[in-house]
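Chain residues, written in single-letter form:
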Amino acid sequence: MKHIAFLFLMLAPAAQAATIVVTDDTPARAISITNDGHVVVTAFIYTMAQCKQALEENAEEFKAHSNAILCVPADMSAEGSVRGDLPLIDLTK
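We now turn to the structure provided with this report. (Residues numbered from 1 in each chain as written. Predicted model: local features only at pLDDT ≥ 70, side-chain atom pairs only at ≥ 80, totals over all residues. Heavy atoms only, no water.)

Topic: the pattern of salt bridges
Stage number 1. Going through the model one piece at a time under the given rule, you end up with two salt bridges.
Stage number 2. Here Lys52 ties to Asp85 by a salt bridge, and the two come within 4.0 Å at their closest N and O atoms. Separated by 33 residues along the polypeptide, Lys52 in helix 2 (residues 48-62) and Asp85 in the loop between strand 6 (82-83) and strand 7 (88-90) bring together distant segments of the chain.
Stage number 3. Given a relative accessible area of 33%, Lys52 falls into the partly exposed group.
Stage number 4. As a salt-bridge pair, Lys63 and Glu60 come within 3.4 Å of each other at their nearest N and O atoms. (Salt bridge = Lys/Arg side-chain N within 4 Å of Asp/Glu carboxyl O. Helix = DSSP H or I, 4+ residues; strand = E, 2+ residues; numbered from the N terminus. Buried < 20%, exposed > 50% of the residue type's maximum accessible area, 1.4 Å probe, protein only.)

Shown next as structure tokens:
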């Protein structure tokens, strides 16, 4: 009986864990991390490609008040990991 319970515990997390695969069409939100440590998440949802383009086009404006800007999938409610290219611009460099 212990072996069955152990096997169930080993398999249960794997069965529940989903992977969020990021593509250019993935719905995304822009996030900025401000110089004073606050995290600001936009209410608008873009595609990942649109979000990345917006970050690149507005990076200079963000430098005045942010350390970093990035895009993340809009829906992060699934358990598991995120796979793919998540745009991140380090504004401290």
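Now that the structure has been shown, we can carry on.
Here's the deal with the state of the cysteines
By definition, a disulfide links two cysteine residues through a covalent bond between their sulfur atoms.
Stage number 1. Across all of its chains, the model carries one disulfide by this definition.
Stage number 2. With its sulfur 2.1 Å from that of its partner, Cys51 forms a disulfide with Cys71. Looking along the S-S bond of the Cys51-Cys71 disulfide, the torsion reads about -95 degrees, which is the left-handed sense. Here Cys51, found in helix 2, pairs with Cys71, found in strand 5 (residues 66-73); they are 20 residues apart in sequence, far enough to count as distant.
Stage number 3. Using a relative accessible area of 0% as the deciding quantity, one classes Cys71 as buried. (Disulfide = S-S within 2.5 Å.)

Topic: the pairing of strand 5
On any regular strand, side chains alternate: one points to one face of the sheet, the next to the other face.
Stage number 1. Most of strand 5 is tucked away, with seven of its eight residues classed as buried.
Stage number 2. Relative to strand 5, strand 2 (residues 27-34) runs antiparallel, the two being bridged by seven bridges. Its bridge partner being in strand 5, Ala28 is matched across the sheet by Pro73.
Stage number 3. Looking at chain direction, strand 5 and strand 7 are connected through three bridges and run antiparallel. Each bridged residue has a counterpart across the sheet, and for Ala68 the counterpart in strand 7 is Asp90. (Pairing = 2+ DSSP bridges.)

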